[in-house]
Amino acid sequence: VLFSWGFLGMEKMVACPYKRPDASCRLICFPWAGGGTPHLAYWGRLFSSSIEVSCIRLPGRESRRNEPFAKDMAAVVNEVTSVLLKEFQEKPFAFFGHSFGSYVSVAVALHLKEKYGLEPIHLFVSGAHDPDPEALLPIKSIDIRDTTDEEILTYLQLLGGVPAEILNSEVAKKQLLLTLKEDCRVLQTFSFEKEGRSIPFSCDITCFNGCEEKSCDLEAWHNLTSGDVSFYKLPGGHFYLLEPSNEILLTKHITRYIENSGL
């Protein structure tokens, strides 16, 4: 029974179209706010057979659309950990997160380290400030209830992350806005207080960003790890990673780091 529940949780929460049971490392991807698995799960086709790529599917979207959204970051972290703990224990893994997904990946990694003594061999963060409380203050101060759908859509179109087919469909647009608001609520419950705690990680961290992104204090990522921290800027704005040429660059960088980590 335990096996079947774990398997069902895995099938529900993890999208892995290119299964590679013999891979030496798993790359777990965490999508941006309002996003789902279709884009990052298909990165599997761009990697060598030594890396299996999967993407986390949070409740309230895709095949989990009828499930209630996660109420806070702790609920997300607990679900990801409970479903994937066995996988994390049996094989090296790395995390990639974009924007909101970066914070989710950090929250999951912190929990794994504190509770189980596990950490990714590499943490890849993209399009995100460091998780310092001050850097997250602007996000936490937004009152989502007072933000109109039009304001959110205008902002999204500026960022460039909304496909035309969603904008042209009232149903898809409504679902995107709902999902985005719920993901923002989750992000507002995330806190990383570094005072009084030791540096949590020893793994290397790589930060990716679009060149046109408003620059932020990326250096503060050094507070998270005793390992190396490196920074890359790629052409484009917040959703630079949707460009096929950037995808190739990203997957090359990620592959090189994973293969050089001494697996």
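Residues numbered from 1 in each chain as written. Predicted model: local features only at pLDDT ≥ 70, side-chain atom pairs only at ≥ 80, totals over all residues. Heavy atoms only, no water.

- With an unreviewed UniProt entry as reference, the chain is termed S-acyl fatty acid synthase thioesterase, medium chain, source organism Balaeniceps rex.
- A UniProt comment under Catalytic activity (unreviewed entry) is attached to the chain, and it reads "(9Z)-octadecenoyl-[ACP] + H2O = (9Z)-octadecenoate + holo-[ACP] + H(+)".
- Per UniProt, the comment on the chain under Sequence similarities (unreviewed entry) is "Belongs to the thioesterase family." (UniProt positions renumbered as here; feature names shortened; annotations may be inferred.)

**Concerning the overall build of the chain**
Here is step 1 of the chain: Tallying secondary structure elements over the chain gives 9 helices and 7 strands in all.
Here is step 2 of the chain: The C-alpha radius of gyration of the chain comes to 18 Å, within 12% of the 18 Å expected for a compact globule of 263 residues.
Here is step 3 of the chain: By its C-alpha atoms, the chain is 50 × 45 × 40 Å across when sized along the principal axes.
Here is step 4 of the chain: Within the chain, the proportion of its 263 residues that are buried is 51%.
Here is step 5 of the chain: Nonlocal contacts in the chain, meaning residues at least 24 apart in sequence, comprise 79% of its contacts between residues at least 6 apart.
Here is step 6 of the chain: On the chain, roughly 12,800 Å² of surface is accessible, and the fraction owed to carbon and sulfur atoms is 55%.
Here is step 7 of the chain: On the chain, the mean spot of the 26 positive side-chain charges and the mean spot of the 34 negative ones are 5 Å from each other. (Helix = DSSP H or I, 4+ residues; strand = E, 2+ residues; numbered from the N terminus. Rg over C-alpha atoms; globule rule 2.2 N^0.38 Å. Buried < 20%, exposed > 50% of the residue type's maximum accessible area, 1.4 Å probe, protein only. Contact = heavy atoms within 4.5 Å. Areas by Shrake-Rupley, 256 points an atom, 1.4 Å probe, with all protein chains shown as cover. Lys, Arg positive; Asp, Glu negative; His and termini not counted. Charge placed at Lys NZ, Arg CZ, Asp CG, Glu CD.)

**Here's the deal with the pattern of salt bridges**
Here is step 1 of the chain: Counted under the stated rule, the structure contains 13 salt bridges.
Here is step 2 of the chain: Put simply, Arg-61 and Asp-183 hold a salt bridge, and the shortest N to O gap is 2.9 Å. One end of the pair, Arg-61, is in the loop between strand E3 (51-56) and helix H3 (73-90); the other, Asp-183, is in helix H8 (residues 170-188), and 122 residues separate them in sequence. Assigned by exposure class, Arg-61 and Asp-183 land together as buried. (Salt bridge = Lys/Arg side-chain N within 4 Å of Asp/Glu carboxyl O.)

**A closer look at the packing of aromatic side chains**
Here is step 1 of the chain: Under the counting rule described, the total for this entry stands at 12 aromatic pairs.
Here is step 2 of the chain: Here the aromatic residues Phe-30, Phe-88, Phe-93 and Phe-95 are joined through ring pairs into a cluster of three or more.
Here is step 3 of the chain: The ring of Tyr-257 has Arg-256 lying over it, and the distance from NZ or CZ to the ring centre is 5.4 Å. (Phe/Tyr/Trp six-rings, centres within 6.5 Å; stacked < 30°, edge-to-face > 60°. Lys NZ or Arg CZ within 6 Å of the ring centre and 35° of its normal.)

**Some words on the nonpolar core**
Here is step 1 of the chain: With 43 residues, the main nonpolar core has Ile-56, Met-73, Leu-84, Phe-95, Phe-190 and Trp-221 as its most contacted residues.
Here is step 2 of the chain: At the level of elements, helix H1 (2-13), strand E2 (25-30), H3, strand E4 (93-98), helix H4 (100-116), strand E5 (122-126), H8 and strand E6 (204-210) are the ones that each hand at least two residues to this core.
Here is step 3 of the chain: Of the residues forming this core, the biggest block, 9 residues, is contributed by H4.
Here is step 4 of the chain: Setting aside its immediate chain neighbours within four residues, Ile-56 contacts Met-13, Val-14, Ile-28, Cys-29, Phe-30, Pro-31, Thr-37, Val-80 and Leu-84.
Here is step 5 of the chain: Of all hydrophobic cores here, the second largest spans 24 residues; its members include Phe-47, Ile-51, Phe-239 and Ile-258. (Core = buried A, V, L, I, M, F, W, Y, C linked by side-chain atoms within 4.5 Å.)

**Brief notes about the sheet that holds strand E1 (residues 14-15)**
Here is step 1 of the chain: Pairing within the open sheet is mixed, and its 7 strands lie in the order E1-E3-E2-E4-E5-E6-E7. With one partner strand each, in any of the chains shown, E1 and strand E7 (229-234) form the two edges of the open sheet.
Here is step 2 of the chain: Against the sheet, H4 contacts E2, E4 and E5, and its axis sits at roughly 145° relative to E4.
Here is step 3 of the chain: On the sheet, helix H9 (residues 244-259) packs against E2, E3, E4, E5, E6 and E7 and is oriented at approximately 165° with respect to E7. (Pairing = 2+ DSSP bridges. Axes fitted to C-alpha atoms, helices over the stretch in contact; angles between N-to-C directions.)

**Here we look at the environment of Ser-50**
Here is step 1 of the chain: Along the polypeptide, Ser-50 turns up in the loop between helix H2 (38-41) and E3.
Here is step 2 of the chain: Classification of Ser-50 by relative accessible area gives partly exposed; the value is 21%.
Here is step 3 of the chain: For the pair Ser-50 and Ser-24, spaced 26 residues apart in the sequence, the C-alpha separation amounts to 5.2 Å.
Here is step 4 of the chain: Contacts of Ser-50, omitting those with residues within four sequence positions, involve Ala-23, Ser-24, Cys-25 and Glu-259.

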